[in-house]
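Structural description and commentary
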Amino acid sequence: MLRATVKSLLARKLRLVLTALAIVLGVGFTAGTFVLTDTALKSFDDLFGQVYANTDVVVQAHQAFNPTEGGGGGGGGGQELNPIPERLLPSVRAVPGVRFAEGSVQSFAQIVDPATGKTIQSGGAPTIGSSWSPDLSPFTLEPGGAPPVGPHEVVIDAGTAGDHHLTVGQQVRVVTPAASDEYTISGFVRFGSSNSLLGASFAIFDLPTAQRLFQREGTFDFIYVQGDGSSTPEQLAARIAGVLPHGFDAITGTSAASQQQDQVNQGLGFLRTGLLVFGFVALFVGAFIIFNTFNIVVTQRSRELALFRALGAMRRQVMTSVLVEAAVVGLVASVIGVLVGIVLAIGLKALVAAVGLKLPPTALVIAPRTVLVSLVLGTTITVAAAVSPARRASRVAPIEALRESTAPSSSIRRRVIVGTLVTVVGVGSLAVGLFGGVSNAGYLVGLGAALTFVGVAMLSPLIARPIASTLGRPFRGRIAGKLGGENANRNPRRTASTAAALMIGLGLVTFVAVFAASLKSSVTAVLDRTLRSDLMLTASQFSPFSPQLARGLSSSPDFSAVSPLRQGAEAKVGSSTTFPVGIDPATITEVASIEMDAGSITGLSEPNTVAVSRTEADGKHLAVGGTLRMQFARTGSRRLTVVGIFEPNALLNDYAVSLGTYDANVAQQLDSTVFLKYATGVDQATARANLEALVARDYPSVEVNDQAQTKATYVKQVDQFFAIVYVLLILSVLISAFGIVNTLGLSIYERIRELGLLRAVGMSRRQVKRMIRVEAVIIAVLGALLGLVVGILFGWAMQRALSSVGIDRLAIPFAQLVFMLIVAALIGLLAAIWPARRAAKLNVLEAISYE
Amino acid sequence: MSSTITKVAARTESLRKVYGEGDASVEALRGVTLEFAAAGFTAIMGPSGSGKSTLLHCLAGLDTPTEGHVFIGDVDITTLSERLLTQLRRDKIGFVFQAYNLIPTLTAGENITLPLDIAGRDVDRAWFDEVVDTTGLRDRLSHKPTELSGGQQQRVAGARALVSRPEIVFADEPTGNLDSRSSDELLTFLRGAVTDHGQTIVMVTHDARAASYADRAVFLGDGQVVDEMQAPTAERILDRLKSLEV
Ligand SMILES: Nc1ncnc2c1ncn2[C@@H]1O[C@H](COP(=O)(O)OP(=O)(O)OP(=O)(O)O)[C@@H](O)[C@H]1O
Ligand SMILES: [Mg+2]
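In what follows, the accompanying structure is described. (Residues numbered from 1 in each chain as written. Chains lettered and ligands numbered in written order. Predicted model: local features only at pLDDT ≥ 70, side-chain atom pairs only at ≥ 80, totals over all residues. Heavy atoms only, no water.)

1. Some details on the overall build of chain B
- When you go through chain B residue by residue, the secondary structure sums to 9 helices and 10 strands.
- Against the globule reference of 18 Å for 246 residues, chain B gives a C-alpha radius of gyration of 18 Å, in line with a compact fold.
- Here the C-alpha coordinates of chain B stretch approximately 50 × 45 × 40 Å along the principal axes.
- Evaluated residue by residue, chain B yields a buried proportion of 52% over its 246 residues.
- Of the contacts made within chain B by residues no fewer than 6 positions apart, 68% connect residues no fewer than 24 positions apart.
- Total accessible area computed for chain B in this model is approximately 10600 Å², and 47% of it derives from carbon and sulfur atoms.
- With 25 positive and 35 negative side-chain charges, chain B shows a spacing of 2 Å between the two charge centroids. (Helix = DSSP H or I, 4+ residues; strand = E, 2+ residues; numbered from the N terminus. Rg over C-alpha atoms; globule rule 2.2 N^0.38 Å. Buried < 20%, exposed > 50% of the residue type's maximum accessible area, 1.4 Å probe, protein only. Contact = heavy atoms within 4.5 Å. Areas by Shrake-Rupley, 256 points an atom, 1.4 Å probe, with all protein chains shown as cover. Lys, Arg positive; Asp, Glu negative; His and termini not counted. Charge placed at Lys NZ, Arg CZ, Asp CG, Glu CD.)

Here is the structure:
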């Protein structure tokens, strides 16, 4: 029996390759994700090791919690730390066993490219400003350069210098929290073996200059200590801690590195999970294709299987033979998948670098876990998908060997019952995940979505026939089209399950399209409702900018209201993370209309107060006059009095505090947005032109936008984000296209006599191709239609679930969905190319005499 | 029709067909020269492996001969391109095979008009009706092949072969899978097409009774024409076959 299995495998090499392809791609993407994130982690590990190589102990302010560094891009360098008074440095230096101790400050510093006049920022990578440490520098000066000395010199990282063709001695503008000025480049630095720290740009000044530019006069962010070797770093840290006042910690360089590593781990963890989701979707689609292929093959091999049974093979042997075939296919495909994944990781690394995250040239990390998980996952999914076909194969009765008939398939009634049940459970867990307020909602939603897809796939043969007939109608005029339509119709199960694979990919595309459209529509509507300002100042890439801009403008006669908004620092309420917004209660109501449910926003002018969104207030049972505890990384837990409850809007997240309260608790005192209102009687065009000239000169990273531009920018950002999601979903759509190729290929093999007859009675090759193409297009469009329905349903559910956070409009992007249908039809055409060519090439004589 | 009696619908000229190469090669036809008069019904007979199917396939342009020529009307089909050959099959030739003659997704009626639909030609309704009436399948036209008996299926195939008024119809053991009653129905139908409508038919058969419906029987043996008989009867054919097999 085993020998027969292996023989049948080898006899159908092509089918093997096509089936395996689905798994290869899914496993490849999964393995690639692991390799990429492992490699990134290793790179960071090495980097932090190098950065802290000379440092035994780090002194820093105590943090209430370790904020997630992160994904969110931003100006960088803004550590949520209390400043260390300069006077602590001598006492640290006096601790026995200390060789060097140096203060250091860090903040953001944007370098302006002299060639373009724009701030340099590659993708979302941070723009870091730092002080120069003569003795403990993690940087290595490149030959020909000198450390920065005095208020007019800067050192820049070699990566940025190389990318933008900067030279030593050149003048370059650097924007820092306190100033926007020209500096002379005195040298370039590298980081160990790498000339760039993950794509970040570095501007390094001498300590006094850095303190002034970063607004840290008289203070440090860190004190770096190197021991004289007489004690271990742990002992040294303990000794230094002894001389520090309350609120400051001394930690070893190693644990400082691992703290930063933890932050990176979290960020990469999100990236990994995000990418893995797409890998799993691809594998899920692959499972459909495996299921489908094995089903068709069992049908085609019915007679052969029956013969085995007639010759005395046990049911179980038949079942095993099919499962062994699946296991071999799955294993081989997974092995190839892992190899593909490694290649893919190289590609992904280049892609990530293009977005700005330049990983140092570390060798790819291929962890045993990567290989193991990929192999197990790929093989298990293949075998699991083959279980039902294998059971069907085992039910072939020996008598079938003598009959012209095929393997039995489960009864329609059972299918309807099971299909309905699975769909209901799927939709149910989706609903609980979205609306139930349970923990681990993500898993429930994922499971619910998967089950819904499976359930709909099970039910789809019921509607496949009428839909396929309708779809086939336009082609009926000509015989090739008519036959193609009939072929799509002749085995609704096969057509439906082939279409179902495409349904998943296109369903998710539809879901994303509906969700993105709803998001854009809701947010622009909210902006329309909320924004009353004439102009908004925002920084590109969400990086915050110096409050001096707003300060300067508030005295300008051109504007009647200048209202800055700060955001970006992480805080905790209970166990949940939130990003409170700092506003100016005196001016905010002039530039934004904020609907209050209770209390007032102006109440925020009292210290230690907070306004809360209605959703959050409902969830946490907060009322005006009550108090809540908010934990800041820098200052720890703070008791805040609730002075107002507002309707959710686009500006204020869940919690709004005054700029005073914000600055008292958050280290990074930079504006993220400034709202402006023209003074009455001012020539607005001139006012804007003057403003733009000022901004272009001193704040090159800041953009001036009116309301329409703000909306357009927002829409563009959403589109850019979802464009990435679409690209990742293409993988599953591609796999399902292979599914169509596979089904058509197998069907042709099955209808070989018929094709021979058609060719014998005079059907031309072109007509044969047309017939196959029509069948493919019908399958693809059927899949797209199912995907549309399920996707719109998902999109609607998601929108409902998020309506409380402001996504209160359902928008269905019809044009986009029609476009998707057209693309689906094209996918069908593409998928038909190879089967059509094969069918057209058939030798007529061999086909009609085929047994 | 008397003026066309002498016209030749198809002919072969020293046709040779060799399968395979070297030691393993089989010479299935060794120089066959034959003429098929228009409006004639020819039966081709001979022992198994004598080359009957090969001859028919070469005649119908389904297979290319190794040497020699095949003419359908005045056209030497051995020189035609694949595309022209396909068109020739579509427009000038009708087929009835032993089995699997029908497209399962099409109804009986649609199967009959298939060659016309493929060619994109209009169906001549009067002729269609006449063909259908002689098959006696008028009330079965909307049935799918699986709903027809074997004999009915073969008659549908016969009707399909006739409906495009081809110059010649080839049938390879069309009664091979039928019982004697169904065979008679099909053969009567084919005979009628020749007698009443001047159709040319070439039929390969093993069955002496089937061959007795023909105007002429050609006997093949080992890839060569070994005998011919005009207006054959079943007994004479059986006698002749016995002598061939010895
Ligand atoms: N495709 C092929 N390749 C090799 N040899 C072939 C092929 N087709 C037929 N032959 C050989 O050619 C010879 C003639 O075969 P053909 O099928 O024409 O015989 P037949 O008279 O139709 O026999 P039957 O009455 O059994 O149908 C046989 O020896 C056969 O084995
Ligand atoms: Mg034969």
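That shown, we press on.
2. A closer look at the site of ligand 1
Residue and element names in this part refer to chain B.
- As a matter of local geometry, ligand 1 sits amid 13 residues, with S48, G49, K52, S53 and T54 nearest to it.
- In the model, an oxygen atom of ligand 1 is placed 2.8 Å from a nitrogen or oxygen of the K52 side chain.
- Within the contact set of ligand 1, an oxygen atom lies 2.8 Å away from a side-chain nitrogen or oxygen of S53.
- Mapped onto the shell around ligand 1, the elements with two or more residues apiece are β2 (26-37) and α1 (52-59).
- The element best represented in the shell around ligand 1 is α1, accounting for 3 residues. (Near = heavy atom within 4 Å. Polar contact = N/O pair within 3.5 Å; in protein donor to acceptor, adjacent residues only side chain to side chain.)

3. Remarks on the side chain of R216 of chain A
Residues and elements named next belong to chain A.
- Within the element layout of this structure, R216 appears in the loop between α5 (207-213) and β12 (219-220).
- Side-chain polar atoms of R216 contact the side chain of D221, separated by 3.0 Å.
- The contacts of R216, once residues within four sequence positions are left out, are V105, Q106, Q211 and D221.

4. Some remarks on the interface of chain B and chain A
- Residue-level contacts link 22 residues of chain B with 22 residues of chain A.
- Buried area between chain B and chain A, summed over both chains or domains, comes out near 2000 Å², and the portion from carbon and sulfur atoms is 68%.
- Looking at the side of chain B facing chain A, the largest losses of area belong to Y100, T105 and I118 of chain B, adding up to 30% of the total buried there.
- Salt-bridge contacts for E110 of chain B lead to K482 of chain A; the nearest nitrogen and oxygen are separated by 2.8 Å.
- Here chain B and chain A share 5 residue pairs in polar contact (both at pLDDT 80 or more) between them. (Buried area = accessible area lost by both parts, 1.4 Å probe. Salt bridge = Lys/Arg side-chain N within 4 Å of Asp/Glu carboxyl O.)

5. With respect to the nonpolar core
- Counting 141 residues, the largest nonpolar core has L483, I583 and L652 of chain A together with L55, L62, L114 and F170 of chain B as its most contacted members.
- Take this core: its biggest share by element is 18 residues, from helix α14 (residues 492-530) of chain A.
- Three or more residues apiece are contributed to this core by two domains, here domain 2 (464-531 + 707-851) and domain 3 (547-698) of chain A.
- With 45 residues, the next largest nonpolar core counts V57, Y224, V225 and F248 of chain A among its residues. (Core = buried A, V, L, I, M, F, W, Y, C linked by side-chain atoms within 4.5 Å. Domains from an automatic or database assignment.)

6. Observations concerning the sheet that holds strand β10 (residues 224-230) of chain B
Residue and element names in this part refer to chain B.
- Pairing in this open sheet of 6 strands is mixed, and the strands run β6-β7-β8-β3-β9-β10 from one edge to the other. Every interior strand has two partners, whereas the edge strands, β6 (93-96) and β10, have only one. Going from strand to strand, the sheet's axes swing by 20 degrees on average, the running direction of each strand aside.
- Its contacts with the sheet put helix α2 (residues 82-92) on β6 and β7 (168-172), and the angle it makes with β6 is roughly 75 degrees. (Pairing = 2+ DSSP bridges. Axes fitted to C-alpha atoms, helices over the stretch in contact; angles between N-to-C directions.)

7. Quick notes on the pattern of salt bridges
- Summed over all chains, the structure comprises 41 salt bridges over all chains.
- R190 of chain A is the salt-bridge partner of E142 of chain A, the closest N and O atoms lying 2.9 Å from each other. Separated by 48 residues along the polypeptide, E142 of chain A in the loop between β7 (140-141) and β8 (153-157) and R190 of chain A in strand β10 (residues 180-190) bring together distant segments of the chain.
- The partner of E486 of chain A in a salt bridge is K482 of chain A, with the nearest N and O atoms 3.7 Å apart. Placement of the pair is E486 of chain A and K482 of chain A together in helix α13 (residues 479-490), with a separation of 4 residues, close to one helical turn. Here the two residues E486 of chain A and K482 of chain A agree in accessibility, since each one is buried.
- Linked by salt bridges that have partners in common, R16, E27, R30, E67 and D222 of chain B make up one network.

8. Remarks on the sheet that holds strand β1 (residues 8-19) of chain B
- The 4 strands are arranged β2-β1-β4-β5 (chain B) in an open sheet whose pairing can be described as antiparallel. Edge positions in the sheet fall to β2 and β5 (75-76) of chain B, since each of these pairs with one other strand and no more.

9. Re unusual backbone geometry
Residues and elements named next belong to chain B.
- With a phi close to 30 degrees, S14 is a non-glycine residue in the positive phi region.
- Within the element layout of this structure, S14 appears in strand β1.
- Note on S14: relative accessible area 44%, which makes it partly exposed.
- Phi is positive for E173, close to 45 degrees, though the residue is something other than glycine.

10. Some words on empty space enclosed by the protein
Residues and elements named next belong to chain A.
- Under the counting rule described, the total for this entry stands at 10 cavities of 30 Å³ or more.
- Within this model, the second largest cavity holds a volume of roughly 60 Å³.
- The wall of the second largest cavity is formed by N487, I748, R751, E754, L755, L758, M771 and I772.
- Residue assignment for the lining of the second largest cavity shows that the elements contributing at least two residues are α21 (752-760) and α22 (765-802). (1 Å grid on protein atoms, 1.4 Å probe; cavity = no way out; pocket = protein on both sides within 12 Å on 5 of 7 lines; lining within 4 Å. Points joined across faces, edges and corners; volume = space filled by probe spheres on them.)

11. Regarding the packing of aromatic side chains
- Summed over the entire model, instances satisfying the criterion amount to 13 aromatic pairs over all chains.
- Taking 5.5 Å as the distance between ring centres and 70 degrees as the angle between the ring planes, the aromatic pair formed by F453 of chain A and F794 of chain A counts as edge-to-face. Here F794 of chain A lies in helix α22 and F453 of chain A lies in helix α12 (residues 441-472), a separation of 341 residues in the sequence.
- On the accessibility criterion, F453 of chain A (3% relative accessible area) is buried.
- For F794 of chain A, a relative accessible area of 6% translates into the label buried.
- For the pair F511 of chain A and F515 of chain A, a centre-to-centre distance of 6.2 Å together with 25 degrees between the ring planes defines the contact as stacked. Placement of both F511 of chain A and F515 of chain A in helix α14 is noted, with a separation of 4 residues, approximately one turn of the helix.
- An aromatic cluster is defined as three or more aromatic residues linked by ring pairs; in this entry it consists of F511, F515, F721 and F722 of chain A.
- In this structure, R125 of chain B is placed above the aromatic ring of F128 of chain B, and the distance from its NZ or CZ to the ring centre is 4.7 Å.
- The ring of W127 of chain B has R165 of chain B sitting right over it, with the charged end atom 4.5 Å from the ring centre. (Phe/Tyr/Trp six-rings, centres within 6.5 Å; stacked < 30°, edge-to-face > 60°. Lys NZ or Arg CZ within 6 Å of the ring centre and 35° of its normal.)

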